[in-house]
Amino acid sequence: MRFKKKMMTWTVLTGALLLLIAGVSPVMALTDQQAKVPGYYGIEQNTDKFDFTGMPMKIPNSEVEKLSNGKIKVGMVINKNNVAGLKDELIKLTSPGVYNMVTKGMEMVIAEYKPWPVPKAFGAVTKANAGQAVITADGNLKTKSGKWWIGGIPFFTVDEKDPQAGVKAWYNQINTYDGDDFTHDWVSMFFIGSKGQRERTVEMSWDRIFLTSREILPPKPSYDPKVEDIFFKELVYVQSPADLQGFGNLTYRYNDQNKSDDSFAYIPAMRRVRRLTSGQRFDAFVGCDSAIGDFRTLDVPLARWNWKLIDVQPKLTTLFSTDYITENKKAQRRHPTTVGEKFPRMNWRLWPNVYVIEATPKTRNDCPVYSKKVLWSMGGNWKSGLADAYDLQGKLWKTTQNYFYGYGDGKVLDLMAHYETDFYTYDHQADHASPWHIDFPHRKFNVGFTPERFSTKYLQRYGH
Amino acid sequence: MGGKTRILIGLIGLFMMLVWGGSAWALDYGNFSVSGWVRNQIAYNVGHANPNNILGESADGERDRINTKMFKTAVQLKPQYNFTDNISVFARFLAAIDRGTETDYPVDVDIFPKSYDGDLMLTGDEWAIGLKELYMDFDTQYVWLRMGKQQVSWGQSDGLRLLDIINPLDKTWHGISLNEPYLDAFDNLRESLWMARLTIKSPWETDNLNDVQLELLWLPGDFVGSEFVGHINPAHGSPYNFEPDVFNSENVTPGGQEWGARLMGKYRGLEWSLNYFRHYEDDGLYKLLAVTPHAWKGVEVQTRTYHPRVDSYGCSATYDDALNTKAVYRMEFLYQDRPYESPGLYDVSALGIPDGAGGIVTLAPTVAAGDFERRKTIKALLGIDRPTFVPFINPNRTVSLGFQLYVVQVVEDASDLKKDGLTLNGSPVRENETMVSFSANTGFMQDRINPQILYIYDIGRKGHYLQAGTEFRITDNILWYVGATLYDGKDSSNAANDDFAYFEWADEIQSRITFQF
């Protein structure tokens, strides 16, 4: 009986201590502002390592005013109090989704233009392979000799009048610089309610290796000549909350754009790798507002969608979106927000030639939830910053964004890695948001992964 | 501890969870991390009294129903230390107490498993504290070795076990409805075993053949700290007991080694595995020794439980038709020359249950130990997983639909096998057993509300099983599941058969609240 009593006491005391430590540890973490690394510092200090081809080095601040009938100026903050008088100009320079978000409380800091280059080694591959890319009858990207694409931007110049301009601009987006592999050691996914309150948090890691289209690390352009059908392999594994801890997902992405991914998940409670169907790409990912098909604003087998170029326009984009980023693992990874944590408060900068594309699924089977997505591919750096998605009735439903921070400083952060402060989705109809924050110090490009890591063996070993 | 005190402690605990729920996380200090949970599970009987608990009858001869079948509180801690990227050690500790014991039973009954000899030791009669898992990983590019007490799960089925035969199950509670993840995860129901697991990944890949691996398992048998463990059945008198409380069985523990191999990979769109496991039968087979009078049971059946050798051969495959039907197709197959009890080994139906001092039947053993009947048996499963958007239910989230067809077939003449009465596993031989299952789940409000349902229909015996419930994610740290398990069918009176109808007495509603960190 005495033993039993003692056991009870120690159990309660240990439990209380664990709760105390667990509760206090986040409070002791640093804020973003305690470790400041400006996003363009690395580029400015190492211009010889970057290639600025295809973009102006400077655009005068007056250009924004000119494009907005003098209503939008560099340095101003657009918010719900002043947005009414800017409606047409703001929609023209961004999108209907962004305008609606500002009316609901988002703030946009208008900042000066900065070029977004690519590493020189990547630019050199683009130049070496220029003119080699073709789109085959079945919608795939290959070289003129019939091989899968060998790296770099395939269509660096896209003629607006080309009937394939839309799909070419999107193939450029897919092949934009991402390193030959990368790791994000800590990605925090937040679920934010209509009042800005955080409802859920999921933390995970994300690794990828490209097996073809390799530009930097040997072996290149493909890792193994016997495995050239696979574009990349990807591992995502969850660190918290505890009931999802150890859950891992292994994905094979194929070069054939008529094919869907292969996807395997390790489920710790079952101690088993289960095959998942990758057919429903628009199912909410872990319940958040984004789906796998929304990643990078639209992530689908290209040949199953139609890509129509609507226009090429100057737009306000989210390149170099924050002034400072976190460099400390223990930091809270908090960025400026408004309406609680609902809307990021970020810099918006002019980009001169954004390819605006209307993407529609070829059949309802390819996307049962959206009628269309209107998305961007920024000419020159070919990154996509934004997409507005419309439901089957044609009503605006979701806006998906990438907020790009910049390249690393070459000291604390990897110079050859570019950073996204948030992958962000806002559900206009539910007034709900899902920002994903990436822990910068643990994002690295060109790590030197081998394909063996991207196997079900690793899923089981990591997931326990 | 009185009821009011218990409620007060529960409320204080709940309050603490809510206070810390917004900020508490798994601890992560460099190479060391620890996570875990505190959990309370309650099961309340809405069925009949368990007919297998023969005592505790009231004056009218009716068996009293145990209402609160479970009131279990458990704490789990999962510490992990990474020596390097390639070497790590992992442990899982579990402590549990169940206050849902039957109060009117003549002897004390612990509902929580008692059989973790040396591993999960009972402290007093109530607290069970033990090491559920402890292993070390050595991982290189092509070779991964995991040594220690661990769980290995093969196969592709949900809820039903074909190739998932490496670790036995703890059936001491909810033993008749092993349909995870709705009631509890299999990692709590499975008993971890000491073993070495070596996985070798092939360095050669082609566009058609990927991720080829060979997995080898070795279970040392009767070795230091290691011994054979079969399925653990509910204690007699406990709420989940599914055999009459007249047995006093002595377990004959085999001491030999067990080993297995699995070759797996992916060929084009097909993921496949080939499996082999040389092991001992986890269910065990009864051999009758004697029937003796007993003070309050009236009669006690002395038995011995054997675990014969079995060679299991199997395979599994999956195919993802992502672009057209958007479904994953699963297949699993198992072949065994399986040992069965013959009528001479044990036949409870010949005994009858005495209603007083008289009528005791005494039998003598008729068959020598280890003399079992073997029959070639196959088990096969076909499954389809099809997440489907149902816009009027949920525009954001698919409803995950799952269908399974499960067949067990004794492919040799089984007419001379024991077909009535109970075996140790509760299941008499059926030459054919065919079941279908249907499951569905979805998530609302960013998966903070997760309704889920599992239905199984036994075609041959026309029995129904339904598990339905909803999990509420109150915060990231607090999860609450409420649900119900219901059985029904054509014939609920045949105690000899373990069809779903017979288990009507096990109908219950459940609550499971978890604070995780």
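Residues numbered from 1 in each chain as written. Chains lettered and ligands numbered in written order. Predicted model: local features only at pLDDT ≥ 70, side-chain atom pairs only at ≥ 80, totals over all residues. Heavy atoms only, no water.

What follows deals with the nonpolar core. Ranked by size, the top nonpolar core spans 107 residues in total, and within it Ile78, Phe282 and Trp307 of chain A carry the most contacts. Leave out the neighbours within four places in its chain, and Phe282 of chain A touches Ala291, Gly293, Asp294, Leu298, Val300, Trp305, Asp366, Cys367, Val369 and Tyr370 of chain A together with Phe389 and Asn396 of chain B. (Core = buried A, V, L, I, M, F, W, Y, C linked by side-chain atoms within 4.5 Å. Buried < 20%, exposed > 50% of the residue type's maximum accessible area, 1.4 Å probe, protein only. Contact = heavy atoms within 4.5 Å.)

We now examine the side chain of Thr485 of chain B. All names here are of chain B. Residue position: Thr485 is located in strand β22 (residues 478-489). Given the relative accessible area of 1%, Thr485 is considered buried. Polar contacts involving the side chain of Thr485 include one to the side chain of Gln467, which spans 2.4 Å. Polar contacts involving the side chain of Thr485 include one to the side chain of Gln510, which spans 2.5 Å. (Helix = DSSP H or I, 4+ residues; strand = E, 2+ residues; numbered from the N terminus. Polar contact = N/O pair within 3.5 Å; in protein donor to acceptor, adjacent residues only side chain to side chain.)

With that settled, consider the interface of chain B and chain A. Of the residues lining the interface, 92 residues belong to chain B; the matching set on chain A comes to 80 residues. For the chain B and chain A pair, buried surface summed over both sides reaches about 7,200 Å², with 52% attributable to carbon and sulfur atoms. Linking Glu133 of chain B and Arg271 of chain A is a salt bridge whose minimum nitrogen-to-oxygen distance equals 2.7 Å. In terms of residue count, strand β6 (residues 127-139) of chain B provides more of the side of chain B that touches chain A than any other element does, six residues in total. When grouped by side-chain class, the residues that make up the side of chain B that touches chain A number 33 nonpolar, 26 polar and 33 charged. (Buried area = accessible area lost by both parts, 1.4 Å probe. Salt bridge = Lys/Arg side-chain N within 4 Å of Asp/Glu carboxyl O. Nonpolar A, V, L, I, M, F, W, Y, C, P; charged D, E, K, R; others polar.)

Here we take up the pairing of strand β8 (residues 193-201) of chain B. For a regular strand, side-chain orientation follows a simple rule: the groups alternate between the two sheet faces. Residue and element names in this part refer to chain B. Direction of pairing for strand β7 (residues 143-150) relative to β8: antiparallel, over a ladder of eight bridges. In the strand pairing of β8, Leu145 is matched with Leu198. Direction of pairing for β8 relative to strand β9 (residues 209-219): antiparallel, over a ladder of six bridges. Considered in β9, the bridge of Ile200 is made with Leu214. (Pairing = 2+ DSSP bridges.)

Further remarks concern the sheet that holds strand β14 (residues 298-306) of chain B. Residue and element names in this part refer to chain B. In space, the three strands of this open sheet follow the order β10-β14-β13, with mixed pairing throughout. Strand pairing shows two members of the sheet lacking a second neighbour, β10 (247-251) and β13 (285-294), which therefore form its edges. Ignoring which end each strand starts from, the neighbouring axes of this sheet average 20° apart. For β10 and β14, the ladder comprises five bridges, and the chain directions are parallel. The partner of Asn248 across the bridge, within β14, is Gln302. (Axes fitted to C-alpha atoms, helices over the stretch in contact; angles between N-to-C directions.)

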